[in-house]
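Understanding the architecture of this molecule
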Amino acid sequence: MIYLDHNATTPPAPGVVQAMLSVLTDVWGNASSQHPRGQQAKRALAAARATVSRRLGCKPAEVIFTSGATEANHLAVLGLHAAAGCERRRIVFSAVEHAGHLALARALETQGVPVDFIGVNPDGTLDLDSAARLIGTDVALVSLMAVNNETGVRMPVDEVRALAHAAGARLHVDATQFIGKVPFDFARFGADAVSLSAHKLRGPKGIGALLLRQGSTLVPQMQGSQERRRRGGTENLPAIVGFAAALDRLGDIETEASRVAELRDTLERELQRALPDMHVFSACAPRVAGTSYLRFGLLPADVVLQRMEQLGVSASSGAACSSGGSEPSHVLAAMGVPRDEALAAVRLSLGETTTARDIDYLMAALPPLLAPLLGTCAAHAA
Ligand code: PMP
């Protein structure tokens, strides 16, 4: 099987699984217990937190472990909004946030919280004029993703941070698709809060973190004494240790990114040569290395994915969370892509386990399967 869906999730690295297994069997105490079993767990938790903070460039006290990025995003938005003064009630999101995060924005809106959405340009980049218009002194917080999970487009975090801070608002960044793909250092990143998830960087699912800048006030959303009273619930130690192991094994991110970018660029170039009807969304925008968002003429995505499956290649149509549905991607809609083109969108996301052989195979095997269909499609259109 060739796995080209790394933006949905990544295979856990063998060292990560080993580290988790040894905690599951040997370090099963509750880190809040006073007896030796508990103290052993407490030490393991402190060691994992030290590794996570060292690898992310933050202080150990700035790490709040959560069940993943969805929870970290909720904690940041709800917690920072609740902590803002009553003269700051507005929250500004981008229109292309992750589906779960946009659902939170809509839920807040129905509860009467004023919410705005920054639009994007046709190439998927953020509309900074729209950002400048929307970020005023009544804004509590701006919540922006660092990299879009569908297009791979990088968002202008520095510019938006400057706008947010000039207006006295906080900045939360969902860096789920950024960390592990681009060098990251929380101290230099400048956001007040950053979400991430372990399973996007070869760690386990169900664990992530909110990095919260020291001195920021946040109203907890789950009560309890853990995580310095900011997130209650017995710590998921095996997952936390797996998360730390996943971060600790990351090598030179830039070298890996240029390897993956070269594979992605070759794939796009060769597919385009063989199938001139192919279109790459956001091709000229600044994108992270592994993401390729394509359409083959107007061939419906499920038809393309079915052919890929015949070849043993796993990919997805847009965001995994919304794939399988017949609604076009909200990201492509925000970019102004017509519905029939959006319904043809297929996302290939390459990662650490992708080899040149995988890409050579796909480049050779896919065009003969799609070319006859594209012919039919063109005939229909005519
Ligand atoms: N934000 C982004 C940008 C994502 O890509 C994802 C995962 N699809 C999430 C949030 C949710 O992460 P998790 O699965 O850890 O809740």
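Because the structure is predicted, anything quoted here is derived from the model rather than measured.

**Quick look at the packing of aromatic side chains**
- Applying the stated criterion across every chain, the model contains six aromatic pairs.
- The interplanar angle of 80 degrees and the centroid separation of 6.4 Å between the aromatic rings of F178 and F184 together place this pair among those described as edge-to-face.
- Classification of F178 as buried rests on a relative accessible area of 6%.
- Grouped by ring-pair contacts, the aromatic residues F178, F184 and F189 constitute a single cluster.
- Here R213 stacks its cationic end above the ring of F186, 4.1 Å away from the centre of that ring.

**A look at the domain arrangement of the chain**
- Domain parsing of the chain yields domain 1 (14–248) and domain 2 (252–381).
- For domain 1 and domain 2, the distance between their C-alpha centres works out to 29 Å.
- Domain 1 puts 26 residues into the contact, and the matching count from domain 2 is 21 residues.
- For the pair domain 1 and domain 2, the two sides together bury roughly 2000 Å², of which 65% comes from carbon and sulfur.
- Looking at the side of domain 1 facing domain 2, the largest losses of area belong to E150, T151 and R202, adding up to 33% of the total buried there.
- In this structure, the connection of domain 1 to domain 2 is made through one salt bridge.
- The partner of E352 in a salt bridge is R202, with the nearest N and O atoms 2.9 Å apart.
- At the boundary of domain 1 and domain 2, one finds eight residue pairs in polar contact (both at pLDDT 80 or more).

**Some remarks on the environment of Q226**
- For Q226, the location among the structural elements is in helix α8 (residues 226–229).
- Residue Q226 is classed as buried on the basis of its relative accessible area of 11%.
- When the C-alpha positions of Q226 and I64 are compared, they lie 9.3 Å apart, and in sequence the two are 162 residues distant.
- Among all residues touching Q226, those that are not within four sequence positions of it are S32, R231, G232, G233, T234 and E235.

**So, the nonpolar core**
- Grouped together as the largest cluster of nonpolar side chains are 72 residues, with contacts concentrated most on I179, V194 and L211.
- The dominant element in this core, judged by the number of residues it contributes, is helix α9 (residues 237–248), at eight residues.
- Taken domain by domain, this core gets at least three of its residues from each of domain 1 (14–248) and domain 2 (252–381).
- Leaving out residues up to four positions away in the same chain, L211 has contacts with L56, C58, E62, V63, F184, F186, D192, A193, V194 and L196.
- Of all hydrophobic cores here, the second largest spans 32 residues; its members include V280, A289, F296 and A315.

**Observations concerning helix α2 (residues 36–56)**
- The terminal C-alpha atoms of α2, which comprises 21 residues, lie 30 Å apart, in line with the 30 Å expected from a rise of 1.5 Å per residue.
- Listing the buried residues of α2 in full gives G38, A41, L45, A48, R49, T51, V52, S53 and L56.
- Elements in contact with the buried residues of α2: β2 (63–66), α7 (186–189), β7 (193–197), β8 (208–212), α8 and α9.
- Within two residues after α2, G57 carries a phi angle of roughly 70 degrees, on the positive side.

**Examining helix α3 (residues 69–83)**
- For α3, built from 15 residues, the straight-helix expectation of 21 Å at 1.5 Å per residue is met to within 8% by its first-to-last C-alpha distance of 20 Å.
- All buried positions along α3 are accounted for by A69, E71, A72, N73, L75, A76, V77, G79, L80 and H81.

**Here's the deal with the packing of α3 against helix α4 (residues 99–110)**
- Closest axis-to-axis distance for the α3/α4 pair is 10 Å, and the angle between their directions is 30 degrees. As the angle between them shows, α3 and α4 are arranged roughly parallel. Considering only the axes of α3 and α4, their crossing is right-handed. Counted together, N73, H74, V77 and L78 of α3 and G100, H101, L104 and L108 of α4 form the full contact between these two elements.

Rules and cut-offs
- Residues numbered from 1 in each chain as written.
- Predicted model: local features only at pLDDT ≥ 70, side-chain atom pairs only at ≥ 80, totals over all residues.
- Heavy atoms only, no water.
- Phe/Tyr/Trp six-rings, centres within 6.5 Å; stacked < 30°, edge-to-face > 60°.
- Buried < 20%, exposed > 50% of the residue type's maximum accessible area, 1.4 Å probe, protein only.
- Lys NZ or Arg CZ within 6 Å of the ring centre and 35° of its normal.
- Domains from an automatic or database assignment.
- Contact = heavy atoms within 4.5 Å.
- Buried area = accessible area lost by both parts, 1.4 Å probe.
- Salt bridge = Lys/Arg side-chain N within 4 Å of Asp/Glu carboxyl O.
- Polar contact = N/O pair within 3.5 Å; in protein donor to acceptor, adjacent residues only side chain to side chain.
- Helix = DSSP H or I, 4+ residues; strand = E, 2+ residues; numbered from the N terminus.
- Core = buried A, V, L, I, M, F, W, Y, C linked by side-chain atoms within 4.5 Å.
- Expected span 1.5 Å × (residues − 1).
- Axes fitted to C-alpha atoms, helices over the stretch in contact; angles between N-to-C directions.
- Parallel < 35°, antiparallel > 145°, perpendicular 65-115°, else oblique.
- Left-handed = near helix turned anticlockwise from the far one by under 90°.

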